[in-house]
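# Coordinate inspection notes
Below, each chain spelled out in residue letters.
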Amino acid sequence: MPIQTEIICQQLWNYLNEEIMESPIEADFNKSFSELGIESYDVIQLVLFIERKFGVELAEEDLTHENLKSIFSLASCTSKYL
C-alpha cells in the first residue's frame, strides 16, 4: 500500500472511531463498510471529512459504489487528488 494511501486509511479509521462509531472498530481497512456496521449516511460524513481534512473535492464520477465500499477503496480514490 502506498504511504499516502496508508496515511489516509489511518485518518479515516481514527475519524470513524472518534466521531461515528459507538464502539471501536478493528483496523481492517479492506473490510466493507457494511461489514463494519457503517451506514450510507456515515460514508457521506467520511467523504465530507476527507474533503475538509485534505482540502480536496471528490468528483461526482468518483463517488461510486466501488470507491465507497471500504476504508481502503475510499483512501485509494482520495490519494489521486493529493
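The structure under discussion appears in the preceding block.
Each chain carries its own residue numbering, running from 1 in the written order of its sequence. The predicted nature of this model means local features are confined to residues of pLDDT at least 70 and side-chain atom pairs, given and counted, to a pLDDT of 80 or more, with totals for whole chains, interfaces and linings taken over all residues. Here the side-chain values reflect all heavy atoms present in the structure, with hydrogen atoms and water set aside.

## Structural notes on the environment of isoleucine 20
Definition in use: Under the scheme used here, helices are H or I runs from DSSP no shorter than 4 residues and strands are E runs no shorter than 2 residues, and both carry numbers assigned from the N terminus. Buried residues are those whose accessible area, probed at 1.4 Å on protein chains only, stays under 20% of the maximum for their type, while exposed residues exceed 50% and partly exposed ones sit between those limits.
When you line up the elements, isoleucine 20 lands in helix α1 (residues 3-20). Judged by relative accessible area, which is 17%, isoleucine 20 ranks as buried. For isoleucine 20 and leucine 46, which are 26 residues apart along the polypeptide, the C-alpha to C-alpha distance reads 9.2 Å.

## Concerning the pattern of salt bridges
Pairing between side chains of opposite charge can happen when the charged atoms of each approach one another. Selection rule: Salt bridge, as applied in this entry: a Lys or Arg side-chain nitrogen positioned within 4 Å of an Asp or Glu carboxyl oxygen.
Applying the stated criterion across every chain yields a total of three salt bridges. The partner of lysine 80 in a salt bridge is aspartate 62, and the shortest N-O contact between them spans 3.0 Å. Here the residue lysine 80 occupies a position in the segment after α3 (71-79), and aspartate 62 occupies one in the loop between α2 (40-54) and α3, the gap between them amounting to 18 residues. Note that glutamate 66 and lysine 69 form a salt bridge whose closest N and O atoms lie 2.8 Å from each other. Take glutamate 66: its relative accessible area is 49%, and that puts it in the partly exposed class.

## Observations concerning the side chain of serine 79
The criterion, for reference: Contacts are assigned to residue pairs with any non-hydrogen atoms lying within 4.5 Å of each other.
Note that serine 79 resides in helix α3. Overall, the relative accessible area of 16% leaves serine 79 in the buried class. Look past the residues within four positions of serine 79 in its chain and what remains in contact with it is Gln4, Thr5 and Ile8.

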